[in-house]
Amino acid sequence: MALAEPKPKMENQIRLIKKYPNRRLYDTKTSSYITLADVKQMVLKQEDFQVVDAKSGEELTRQILLQIILEEESAGSPMFSSDLLSQMIRSYGSAMQGLMGSYLEQSKNLFVKMQEQVGKQAGTLFPLAGFGVNKK
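The sections below set out a description of the structure shown in this document.

Cut-off values and rules
- Residues numbered from 1 in each chain as written.
- Predicted model: local features only at pLDDT ≥ 70, side-chain atom pairs only at ≥ 80, totals over all residues.
- Heavy atoms only, no water.
- Pairing = 2+ DSSP bridges.
- Helix = DSSP H or I, 4+ residues; strand = E, 2+ residues; numbered from the N terminus.
- Axes fitted to C-alpha atoms, helices over the stretch in contact; angles between N-to-C directions.
- Parallel < 35°, antiparallel > 145°, perpendicular 65-115°, else oblique.
- Contact = heavy atoms within 4.5 Å.
- Nonpolar A, V, L, I, M, F, W, Y, C, P; charged D, E, K, R; others polar.
- Core = buried A, V, L, I, M, F, W, Y, C linked by side-chain atoms within 4.5 Å.
- Buried < 20%, exposed > 50% of the residue type's maximum accessible area, 1.4 Å probe, protein only.
- 1 Å grid on protein atoms, 1.4 Å probe; cavity = no way out; pocket = protein on both sides within 12 Å on 5 of 7 lines; lining within 4 Å.
- Points joined across faces, edges and corners; volume = space filled by probe spheres on them.
- Phe/Tyr/Trp six-rings, centres within 6.5 Å; stacked < 30°, edge-to-face > 60°.
- Lys NZ or Arg CZ within 6 Å of the ring centre and 35° of its normal.

## Focus on the sheet that holds strand β2 (residues 25–27)
Okay, step 1: The four strands lie next to each other as β3-β2-β1-β4, forming an open sheet whose pairing is mixed. With one partner strand each, in any of the chains shown, β3 (32–34) and β4 (49–53) form the two edges of the open sheet. Geometrically, the sheet is characterised by an average inter-axis angle of 35° between neighbouring strands, direction not taken into account.
Okay, step 2: For strand β1 (residues 15–19) and β2, the ladder comprises three bridges, and the chain directions are antiparallel. From the neighbouring strand, Lys18 faces β2, where its bridge partner is Tyr26.

## With respect to the packing of helix α3 (residues 82–91) against helix α4 (residues 97–125)
Okay, step 1: It is at 8 Å that the axes of α3 and α4 come closest, and there the two elements cross at 135°. Considered as vectors, α3 and α4 are oriented oblique to each other. Between α3, through Gln87, Met88 and Ser91, and α4, the contact on the second element is made entirely by Gln97, Met100 and Leu104.
Okay, step 2: For the contact of α3 with α4, the per-class residue count stands at three nonpolar, three polar and no charged.

## Comments concerning the nonpolar core
Okay, step 1: Membership of the largest hydrophobic core is limited to eleven residues, which are Ile17, Leu25, Ile34, Leu36, Val39, Met42, Phe49, Val51, Leu60, Ile64 and Ile68.
Okay, step 2: Where this core is concerned, the elements lending two or more residues are α1 (36–44), β4 and α2 (61–75).
Okay, step 3: In this structure Leu25 touches Ile17, Lys18, Lys19, Ser32, Tyr33, Ile34, Thr35, Leu36, Val39, Val51 and Ile64, once residues within four positions along its chain are discounted.

## Comments concerning the layout of surface pockets
Okay, step 1: Reported here for the largest pocket is a volume of approximately 1800 Å³.
Okay, step 2: Around the largest pocket, the lining comprises 37 residues; the ones closest to its centre are Leu65, Ile69, Met79, Phe80 and Lys108.
Okay, step 3: Elements with a minimum of two residues in the lining of the largest pocket: α1, α2, α3 and α4.
Okay, step 4: When residues of the lining of the largest pocket are assigned to their parent elements, the largest contribution, 13 residues, is made by α4.
Okay, step 5: A per-class count over the lining of the largest pocket returns 19 nonpolar, ten polar and eight charged.

## Looking at the packing of aromatic side chains
Okay, step 1: In the structure shown here, the tally under the stated rule is three aromatic pairs.
Okay, step 2: Seen in terms of ring centroids, Tyr20 and Tyr33 are 6.4 Å apart; in terms of plane orientation they differ by 65°. Their pairing is edge-to-face. Here Tyr20 is found in the loop between β1 and β2, whereas its partner Tyr33 is found in strand β3, with 13 residues between them in sequence.
Okay, step 3: When the centroid spacing of 5.2 Å and the interplanar angle of 70° are considered together, the rings of Tyr26 and Tyr33 count as edge-to-face.
Okay, step 4: Under the relative-accessibility criterion, Tyr26 is labelled partly exposed at 23%.
Okay, step 5: Residue classification places Tyr33 among the partly exposed positions, given a relative accessible area of 41%.
Okay, step 6: One cation-aromatic arrangement involves Arg24 over Tyr33; the distance from NZ or CZ to the ring centre is 3.8 Å.

Put into structure tokens, the structure is as follows:
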């Protein structure tokens, strides 16, 4: 009788969240229902996850992320001005749509790199203050 090989660990597997018709979100990792606030925490912790419709399997991650942004924009001090949002809406359906998305993605990447550089410089100047530590 041959011994069964141990199954590889699934630690790096994308966390699957199922969205049900009653708008509830079910985390298959914890086998429990979660809220948008819980999904926001996953984003802040940089956890990989995917949201799918429980019935059809349709990818819903972007819609859930947009819901979180809408809640954040409505709750406190908004990040996006009305002018910026209007310009983004005008870009949909035009030849500029792809260009706008590309531009925003590149701008975000540049911003993240600048943040990392500032953190590293601050970490060099103030090593005991915890600057430059990028927790994941």
